[in-house]
Structures are given as C-alpha cells and as structure tokens.
Amino acid sequence: MKTTSAWVGAIVGTAILISGTTGCTQSDDKNTVKIKSQNQNGVSYTNANTISGLAANTNKEDPLTFVLVHGSWADANFWSNTAAELKKQGHTVYVPEYAGHGTLYNPSVKHEDIVKSVVDYITSKKLKNFVLVGHSFGGTVIQKVAEQVPDRINRLVFFDAFVPLDGQSLSDQLPPELQKVFGQLAEASGNGTITMPFTFFREGFVNTASESLAKSIYKNAKPEPATPLVQKLDLKKFYGLNIPKSYLFLTSDTVTPQGDKYGFHPAQSSHLGQFRLILGEGDHMTTAYEQPGYLAQKLYQAARK
Amino acid sequence: MKTTSAWVGAIVGTAILISGTTGCTQSDDKNTVKIKSQNQNGVSYTNANTISGLAANTNKEDPLTFVLVHGSWADANFWSNTAAELKKQGHTVYVPEYAGHGTLYNPSVKHEDIVKSVVDYITSKKLKNFVLVGHSFGGTVIQKVAEQVPDRINRLVFFDAFVPLDGQSLSDQLPPELQKVFGQLAEASGNGTITMPFTFFREGFVNTASESLAKSIYKNAKPEPATPLVQKLDLKKFYGLNIPKSYLFLTSDTVTPQGDKYGFHPAQSSHLGQFRLILGEGDHMTTAYEQPGYLAQKLYQAARK
Amino acid sequence: MKTTSAWVGAIVGTAILISGTTGCTQSDDKNTVKIKSQNQNGVSYTNANTISGLAANTNKEDPLTFVLVHGSWADANFWSNTAAELKKQGHTVYVPEYAGHGTLYNPSVKHEDIVKSVVDYITSKKLKNFVLVGHSFGGTVIQKVAEQVPDRINRLVFFDAFVPLDGQSLSDQLPPELQKVFGQLAEASGNGTITMPFTFFREGFVNTASESLAKSIYKNAKPEPATPLVQKLDLKKFYGLNIPKSYLFLTSDTVTPQGDKYGFHPAQSSHLGQFRLILGEGDHMTTAYEQPGYLAQKLYQAARK
C-alpha cells in the first residue's frame, strides 16, 4: 500500500474544494429525516423513511459509451460476447484492435505503438464522454491513453488489470521468479515472443473453464510480443490525472498470486489511490466467454457515475 | 493478528472447563455412527447417515431480539428497511437513536454520551437476552455498552465494524494519511464535524449503489461529530468479557483499505479473538437500503446460537 | 509465499518441454480468428467468433473417479452426502476409512498407519486414473499417498486442506498459541487425543450452520488422535512429483485465521506451487452436510482435466 498517499491526496483535493464552500446542505431542516418513533429515541421500523423508496429505481440503466481494451494473449475478439451484451443493454461499445495483436499481429511491437493505436482510434472516431476499460495488460494501455486524451474520458475501469507505478513495467508487478521465466521463454522463442505452456494457461488464466473451452481459448492465443510487457513506463502524468477510477476484480483470478503482495486486488488496485471496487465471480478469461451478460453487468456497475 | 493470544485465551478458558469434566460423550457407543459399508474400510454413500437428515431443519428460524446500533454519517433510519425485514421473519427489533445523531443531533457529543444513550435505552426498556449489533463506528459503541450491561447480552455482532484494541480510537484503525485528512476536515469545519466529500463517500461507502441512491444516502448524512472518532477508549473490561461474538463482513466494503493490514476482515475482526465469521455480498451502506432482506438473513446467521 | 520457486519450477519444467518443440500452433493461419470488423481496426461484436459457441458445451460432464479422504474429527461418513451427489452426476466414488478413525478408531494411531490404510485400499481395489481429494488434515494424507502411488493419480485436490512443506507437521501450519492449546488438550486427555470445546468447534468449523446441525456434527466427532497432527513429515518426494493439483477453498472457512499468513488460501494453497484455484461459498464442515450438490459441483470443477 505504498500509494496510500495518492489515495489520500485524491481525497484532500476534493475535500479542500468542499470545505472551502459555505458548508454542506445535510444539516438543513428540509433534509433532516422526519421520523415518527415509537420510542423517545428510537426509530419505528414500520414507517417508511425518505431513502428506502429509492431502492426500486436503482436498476434503471444509464446508457454509457464503452471503449474496451483487451490484454495479452488475446485480441479484440476477447470482448465479442461482452460487447454484444452491453449493446443489448443499450450501451454504445467500441472495441479497438491495437498494434501487434489480432489482425495487426507483429512480434516486435512496442508499448507506444499500442497506445498510439488506441489514441488514433479514439481521435479518428471523435469519441468522447466514454468509459475506458482495460483488461489485464490493457491496464497499462489505458494508463498511457488517459495521459494523452484525458478530457475525453469519463472514467477508467481496470478489470483484473495491471497498474504499474511510475517507472515500472507490467513485469515488475510479478514475482521475481515468474519475471525470470517469462524472460527465458521470450529468449527461447527466437523472435521475442512468449508462448505460455498450456498447463500454466489452463490453471492460471482459465481455471474455472471446462477443458474444451480452455483449449479453444488457448488455441486462439498467438505468441505474445514480450517487449511491451517489460518496458518501463513513464506514468507521472497518469498519477496526476483527476479521472474517476474503478477496479473490477473477479475473485478466482489467479494470473498473479492472490494476496496482499501480488494479487490484482488489493495489490494492483491499491496503486490507483481512490477507486471504486466492484467484485465478481470468475477468473481471468473464462467469464468473458462463458458469462458475458454477468460480466457486462459488473462492467456497468464499475462504469456508471 | 496481535490478539491471537486473546483468541486462544478464549479457547483455553473453555477447554479447561471441558477437559476438567469426566470426558466427552462422543466416544459413547450410541453416538458412534453405524454404517453399512460396501467395503471393509469404506463407507457406502447410498446409506443415509445420522447427520444428513438434519440439513432439512436448518432453516427453522429461532426468534431473537435484536438491538441495532448504527454508525457514523447515519442515524437510526439506517436500519429501517433491515429492521422491517427482521420483524417480518419473526424477530423483535429495537433501534435506539443515540446522542449527537439524528433527532439528537449535536456536533460536540462525546463517545461516553453515545454509550450512555444506548445503555439508558436498554435499561429503561428492561431489555435482556438480546443480540447487540454494531455497524461501522457502532462497533466501538457496542464494545463499551457490553462493558456496562454484559449480562443482558447473548451475543455481540460486529457488522463491517471497527474493533479498537484497549487504549485505541476508531481513528487509530485507519491509515495514518487518512487520519490526518479527517483531522483537517474536522478543523476546517469550524465546529468539530467531518463532512465527507461526495466522491469519497460514493466510491468508498456506497460503491455498489446507483448514483441516485448514492446521492440520496449522502444527502441524509449530517456532518459527523469528530470527537467520538478520535477518543482513545479504555477497553480493558471489554477484552475480559465472555460474550460470544460474530463478525459479519460484506466483501465489497472498502471504507478501510482491504487486505491484512486495514481490512475490516481480517484486520478488525481478528481483534475479537474467537469469533464467528459470516461473509456476504455488499458494501458499507448500500446493502441496508437495497437488499434489507438479504442483510437480515446474514444478521440472523451471525446472531443465532 | 516461500514456495514461489516451486511454482515457477513447475512452469519452467513444462515450459522447457514446450519451447523445445518446433513451436506453437497458435500462429497458424487456420487458427487465426477471422473477423469481419465494422471498422479498420475494430471488431464487430455482432459477428460470432470461433470461441463463443463453445460456452454451451461447458457443462457436459466428464465422468471421473474420485477417492475422497476425510480430515480430523471426522470419519468416512463426512463424505456420504457429497459422494451420493457425485455418483448421481455419473462419477465413480470411493471413500476409504483410514486407521484410527471411524470404524477403525484408535487413539494411538500414527500418520504412517493412516497413509498405509489409504494406499492399501487403492492397491487392493486396483484403482487407477482417479482424482484424490483430501479435506483438512486429509491434505497431509494425500501428500504422502501420492508419494507411494503417483502413477495411479490423475490429479490431487486439496479441499480446505493443510499442505505442510517438507519437514513440517500439520500443527506447524497453525498460529503458535493454537499449537500450544492443542498440546495442552492432548496432554489433559490422558490418552493423547484432542476434544475440541464445543464453542470453538461451532464458531470455527461450522460457523454457517444452524445450532442443531452444529451440535449433531459435533456429537459424531470422536476425540482426535493427536500424534498424526504433530508428526513432522518427510515430503521431499511429494514436492518433486509432477501430478496436477487443485485447491478448493470455501471462503467462510475459519479453521485457520484468514489472511496471508495462516489462511487455507493463500497461505496453505501457495505451498503447492502451480495449482488450479476453485473458490466456493461455505465453511469447513457445514457445506458437506447441507449443500452436498453444490460441493460436488465445486469438486468436479477442481477435479476435471
């Protein structure tokens, strides 16, 4: 939790703004809850209160625009089912492919090429007032995209995503031994890519999937360009941005070892300072294929105002 | 986990009592499970065993008496929906308002005034054999109430609650930077109260709520008197009490940073020594408004014998 | 997380094998996902992709053979309901009783006697290609059984189980103070057994149960022979085995204090190195009695290929 100060910084920033006003409205008479209590100092639970009636309205959907950024060993198809569900719920959805991946496959792509792809996509389509979602490695992509087009973005959603601190790489978020193995795999590949052993993928990335689904997802994963995973990122600007942030964590995700030190939540999430936590069931990749409607709901909870 | 010894102390206390009797009844012949096994040393899973038949009875409700103590930035209305659900399930429910809050609003209230309110409520109504529930700051209240009327209480339920150790304040349970911010907000208020910035409240206290519900709950929160949050509490007597304890943790609660160091569970919960853990879905405040039936069920699981 | 190296070791082992082949098939043209994108670099979420169609097949059950090994303060009947559910789902199930427990009750049993019981059961029945499940103390049993009959076992499933490192005992996995209490209880018994105080059992082992179910389960628990819990185990061979492993953790289990240091997950689970994580709701013992169908599903997810 090295970044508690960033978190508090965010609070203080807002706090000063508010405490500098003439006060708050909560103590106004008209906002005071009037209760008819059965007892002098008690509350009658049979009387309605002014808030309870609101619960019925909470499922009213607020149409949003989503830009979905996939992670490593994946391409834009990763989002197909989830995007369809979001659209069905009335949202507008954009799923950019980015340099080095999918139809743009290129083993020697760099992190800045990937970021440029997404920024170009956003600017060429004149997208604004959208929620930018990054999955896994995509967390590092949306950090850098946000630095370039901050005013277009309403909220950043990190979904089981890496959140390097300033000067760090994605690889720096992993246990040292795993960093070493990825380095060895990249070297052995001859072209700077990493192909995960199936067993590691099956147990770590799609642990809740059937074997057949696991194999299908694996079969579609191209060797991942290693350079963007080890590049140290200048994130000074990102950590100064004032964009609201959410972290969606699916609790069976074991891509990083769970727990305080390496877990997506709370280790990676805590880098964000103040953020909205949304928890769900699922693992790193299975949920997007098997339960896209559920994932869409969770993304909406993370994305809404 | 500094209080492991307290936990073990609780075990040893009971253990000595039991090991001092003539033994246990579990080895009596009549209690031995008789099984017809297909194999010499195996068990036939097609035969019923003496325990399996009991599962059907486990939902039989045992009517209880609840006294519900709310937390900060709230008043007795916090419990309205949940109390109604508990009553619907056949339980008796009391929801005392306490000094400085709700109808008794007073910015300069002290912790001992709050405790006195609840104790007076309990004694004036001659309540006994009840389960005392404290939410959030209410955890510190029920600790001190339990010191004064221990014989009236069947069980203490801490619900996403603070559990200071002896000599600590609620504020001591928070990250140092957050303590500082709350101090600054209290100073800036001019009357020793804390008004949370809406953003902080929305992301930290009602993260799973819709924006409209978040705003409604926020609007009803009066500036919180700061003194009771920073008063160091003498809890020597509390930590010597022999009242059964439960901790109900809703897993999306991010009022304190999640994890081993500051999380309601396991950091605050572990202060209790031996306790019954009940987990549920939800955040700090939304669940009481939006899913009171679910919360009532969880409270019952925490409260029953 | 001392055993990260073991985890990575498992990856490296597989990785070398794979990187030594002629490469991976994922970059073959025929495996490349063909997408008709609405946009140059985007993906059309209205087109089906090659993977989405698979989701429908994931519930097809793959019949497995299970050997279920119970834990302490239990006997083979612990599995009765769950075994019946697994059988109903088409699986073959074996539930060996082991030395010192149930019909073979003996206070002075040793860990090696228990292991021998299970190995003899397996070899006499000529069982092979099965999934070996160990619950709680049973985790230490399946570690040692796996050392003796590794080629018969398709996968090891640790269910809320202890996973001592080489040279450790089960007791070594517990907080020091709790180790001491168990030692005192064993001594006080006069015959080297441990009878848990009911309160400790009710709050720690069956925290989500009704009081009546808690009492019934407790009544059937014989005093547990203490020796196998404190014997230091030579596990060198186990930690060199290449058998796939899963860890099933029911998130309300509080037999060990939850958190990074003593929690079944991630503390015990991390000893396995690479493993498949399956999470579920439930506590240490209640779920097997009350929700055997749910537990059977979770065991299947942990056990399948």
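Residues numbered from 1 in each chain as written. Chains lettered and ligands numbered in written order. Predicted model: local features only at pLDDT ≥ 70, side-chain atom pairs only at ≥ 80, totals over all residues. Heavy atoms only, no water.

Under the annotation held in an unreviewed UniProt entry, chain A carries the name Pimeloyl-ACP methyl ester carboxylesterase and is attributed to Paenibacillus qinlingensis.

## So, the sheet that holds strand S3 (residues 130-135) of chain C
Paired through backbone hydrogen bonds, the strands of a sheet run either parallel or antiparallel to each other. All names here are of chain C. Taken in spatial order, the 6 strands make up an open sheet running S2-S1-S3-S4-S7-S8, and their pairing is parallel. Of all the strands in the sheet, just strand S2 (92-94) and strand S8 (276-280) have a single pairing partner and so form its edges. Each strand of the sheet is rotated relative to its neighbour by a mean of 20°, with strand direction disregarded. In this structure, strand S7 (residues 245-250) lies alongside S8, joined through 5 bridges in parallel fashion. When the bridges of S8 are listed, Ser246 appears paired with Arg276. (Pairing = 2+ DSSP bridges. Helix = DSSP H or I, 4+ residues; strand = E, 2+ residues; numbered from the N terminus. Axes fitted to C-alpha atoms, helices over the stretch in contact; angles between N-to-C directions.)

## As for the packing of helix H2 (residues 80-88) of chain B against helix H11 (residues 292-303) of chain B
Residue and element names in this part refer to chain B. Relative to each other, H2 and H11 sit at 65°, their axes nearing to 8 Å. In this structure, H2 crosses over H11, and the sense of that crossing is right-handed. Side by side, H2 and H11 meet where Asn81, Thr82, Glu85 and Leu86 of the first sit next to Pro292, Gly293, Leu295, Ala296 and Leu299 of the second. Among the residues forming the contact of H2 with H11, the class breakdown is 5 nonpolar, 3 polar and 1 charged. (Left-handed = near helix turned anticlockwise from the far one by under 90°. Contact = heavy atoms within 4.5 Å. Nonpolar A, V, L, I, M, F, W, Y, C, P; charged D, E, K, R; others polar.)

## Observations regarding the pattern of salt bridges
Residue and element names in this part refer to chain B. All told, the structure shown has 27 salt bridges over all chains when counted by the stated rule. A salt bridge links Lys232 to Asp172; its shortest N-O distance comes to 2.8 Å. You can see Lys232 sitting in the loop between helix H8 (227-230) and strand S7 (245-250) and its partner Asp172 sitting in the loop between strand S4 (153-159) and helix H5 (176-189), a full 60 residues away along the chain. Since its relative accessible area comes to 53%, Lys232 is described here as exposed. (Salt bridge = Lys/Arg side-chain N within 4 Å of Asp/Glu carboxyl O. Buried < 20%, exposed > 50% of the residue type's maximum accessible area, 1.4 Å probe, protein only.)

## Concerning helix H3 (residues 111-124) of chain A
All names here are of chain A. If you check H3, its first and last C-alpha atoms are 20 Å apart, about what 14 residues at 1.5 Å a residue would give, namely 20 Å. Those residues of H3 not exposed but buried are His111, Ile114, Val115, Ser117, Val118, Val119, Tyr121 and Ile122. Looking one or two residues past H3, Lys126 carries a phi angle of roughly 55°, positive in sign. (Expected span 1.5 Å × (residues − 1).)

## Considerations on the sheet that holds strand S2 (residues 92-94) of chain A
All names here are of chain A. Taken together, 6 strands build an open sheet; the order of strands is S2-S1-S3-S4-S7-S8 and the sheet is parallel. One side of each edge strand has no neighbouring strand; the edge strands of this open sheet are S2 and strand S8 (276-280). Strand-to-strand twist of the sheet, defined as the mean angle between neighbouring strand axes without regard to direction, takes the value 20°. Running over the sheet, helix H4 (residues 138-148) touches strand S1 (65-69), strand S3 (130-135) and strand S4 (153-159) and is turned about 145° from S3. Contacting S1, S3, S4, strand S7 (245-250) and S8, helix H11 (residues 292-303) runs over the sheet at an angle of about 170° to S8.

## Description of the pairing of S7 of chain C
Residue and element names in this part refer to chain C. Among the 6 residues of S7, 6 are classified as buried, and the element is accordingly described as predominantly covered. Of the two faces of S7, the one carrying Lys245, Tyr247 and Phe249 and the one carrying Ser246, Leu248 and Leu250 are both buried. Bridging between strand S4 (residues 153-159) and S7 involves 4 bridges; their strand directions are parallel. Its bridge partner lying in S7, Phe158 is registered against Tyr247.

## Some details on the side chain of Ser269 of chain A
Positionally, Ser269 of chain A belongs in helix H9 (residues 264-270). When residues no more than four places from it in sequence are discounted, the contact partners of Ser269 of chain A are Tyr247, Phe264 and Phe275 of chain A.

## A closer look at the packing of aromatic side chains
How two aromatic rings sit relative to each other is set out by the distance from centre to centre and by the angle between their planes. Counted according to the given criterion, the structure contains 45 aromatic pairs over all chains. Look at Phe201 of chain A and Phe205 of chain A: their rings are 5.4 Å apart centre to centre, the planes differ by 20°, and that puts the pair in the stacked class. Phe205 of chain A carries the same exposure label as Phe201 of chain A, and that label is buried. Plain terms: the ring middles of Phe158 of chain C and Phe238 of chain C are 6.3 Å apart, the flat faces sit at 75° to each other, and that makes the pair edge-to-face. Of this pair, Phe158 of chain C sits in strand S4 while Phe238 of chain C sits in the loop between helix H8 (227-230) and S7, and the two are 80 residues apart along the sequence. An identical accessibility class is assigned to Phe158 of chain C and Phe238 of chain C; each is buried. (Phe/Tyr/Trp six-rings, centres within 6.5 Å; stacked < 30°, edge-to-face > 60°.)

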